[in-house]
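# Observations on chain architecture
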Amino acid sequence: MQWIYLSKKGTDEYINRMAQGAGVAPTTIETWDYDENPSAGIVLRGIMKHQLMKRCWAEERRFRYMDTGYFGNRPNPLNPHGWKVWHRVVDNDLQHNEVLTRPSDRWDRLQIKTQPFKRNGRDILVVAPDDKPCIFYDTTLDAWLEQTVNTIKQHTDRSVVVRHRKPGMIKQNRDTETSFDSALANAWAVVTFNSAAGTESILNGVPVFVTQAANAARPLALDDLSKIETPYYPDADQVRAWASHLAYGQFHNSELEDGTALRILKQTEEILGL
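Below is a summary of the structure that appears in this document.

A cluster of nonpolar residues, I271, L272 and L274, forms a patch on the protein surface that exposes about 260 Å² of accessible area. Within the secondary structure layout, I271 lies in helix α11 (residues 260-272). Taking relative accessible area as the criterion, I271 reaches 45% and is therefore assigned partly exposed.

Okay, here's the thing in structure tokens:
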């Protein structure tokens, strides 16, 4: 299948890397005509392309969505500065929601430790999204927070702690890392709109509730807030299978450039029958 790599102003670093791996030139999105080659799939990056993705869904046009990866972008032995070097690529969706059976090699290479699930937390930690995903789902932060917190309070007397996204979280610096880990230390469960908080919580052994359909944590989480006092506790094998699956859906900068990402995506297509 032919793919068109849509690069904002022709300068999107990561789209351009992936186009290089495919051996084609990126297409400047501002001058691109959607109807010129409707049989071609499109590769795009960033949730603010929501109108384009929704049109693709409505017209059953293939697309691949690129955004920040799930693992490896926080400071760790292989990435001590916490640079954004890993990027997820998803077929026809925002997140990898279904666990496919994958080898563990890519996950193991990341050298990320997981924690067993604890059952003695105190607070309900609500991780608020920023404006961009709210726009995608035609809601607002205030509306989501009000509905979510009110629903939680109908089913528990636990303290509800709201954690707002801060500018520093985008850089994923060490101060923010410590702050989120500290919040998780006191959490009975995490309620989240976004996948990043969900995946970090699972890795740290805190059960998760998700409120949106597209969430990478969904396979190991619940979405019914009436069960907030009886969370889901995945076992170690489930966490490992889930993490191995997600590791096959994200790619290093070098893998975008050398074609590894495209080779693995082709394998995923075959598994999904796309």
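Looking at the secondary structure, you find R102 in the loop between β5 (86-91) and α3 (105-110). Lacking a salt bridge, the buried R102 has D91 as its closest oppositely charged neighbour, with an N-O distance of 8.1 Å. Ignoring anything within four residues of it in the chain, the contact list for R102 reads S244, H245, Y248, I264, Q267, T268 and I271.

Bringing the pattern of salt bridges into the picture now. Taken as a whole and assessed by the stated rule, the structure comprises 20 salt bridges. For R45, the salt bridge identified is with D12, shortest N-O distance 2.9 Å. Remark: D12 occurs in the loop between β1 (3-7) and α1 (13-22) and R45 occurs in strand β3 (residues 41-45); sequence separation between them is 33 residues. Judged by relative accessible area, D12 falls into the buried class, the value being 8%.

A few words on the sheet that holds β1. Spatially, the six strands line up as an open sheet ordered β2-β1-β3-β4-β5-β10, and their pairing is mixed. With one partner strand each, in any of the chains shown, β2 (27-28) and β10 (250-252) form the two edges of the open sheet. Pairing geometry for β1 and β3, over three bridges, is parallel. Paired with Y5 across the two strands is V43, which belongs to β3.

This part takes up the packing of helix α8 (residues 195-203) against helix α9 (residues 236-247). Direction vectors running N to C along α8 and α9 enclose 140°, while the axes themselves pass 11 Å from each other. With respect to their mutual orientation, α8 and α9 come out oblique. The element α8 and its partner α9 pack so that their crossing is left-handed. The residues of α9 that touch α8, namely those facing T199, I202 and L203, are V239, W242 and L246.

Conventions we followed
- Residues numbered from 1 in each chain as written.
- Predicted model: local features only at pLDDT ≥ 70, side-chain atom pairs only at ≥ 80, totals over all residues.
- Heavy atoms only, no water.
- Patch = residues over 30% accessible without salt bridge, like charges linked within 9 Å, V, L, I, M, F, W, Y side chains within 5 Å.
- Areas by Shrake-Rupley, 256 points an atom, 1.4 Å probe, with all protein chains shown as cover.
- Salt bridge = Lys/Arg side-chain N within 4 Å of Asp/Glu carboxyl O.
- Helix = DSSP H or I, 4+ residues; strand = E, 2+ residues; numbered from the N terminus.
- Buried < 20%, exposed > 50% of the residue type's maximum accessible area, 1.4 Å probe, protein only.
- Lys, Arg positive; Asp, Glu negative; His and termini not counted.
- Contact = heavy atoms within 4.5 Å.
- Pairing = 2+ DSSP bridges.
- Axes fitted to C-alpha atoms, helices over the stretch in contact; angles between N-to-C directions.
- Parallel < 35°, antiparallel > 145°, perpendicular 65-115°, else oblique.
- Left-handed = near helix turned anticlockwise from the far one by under 90°.

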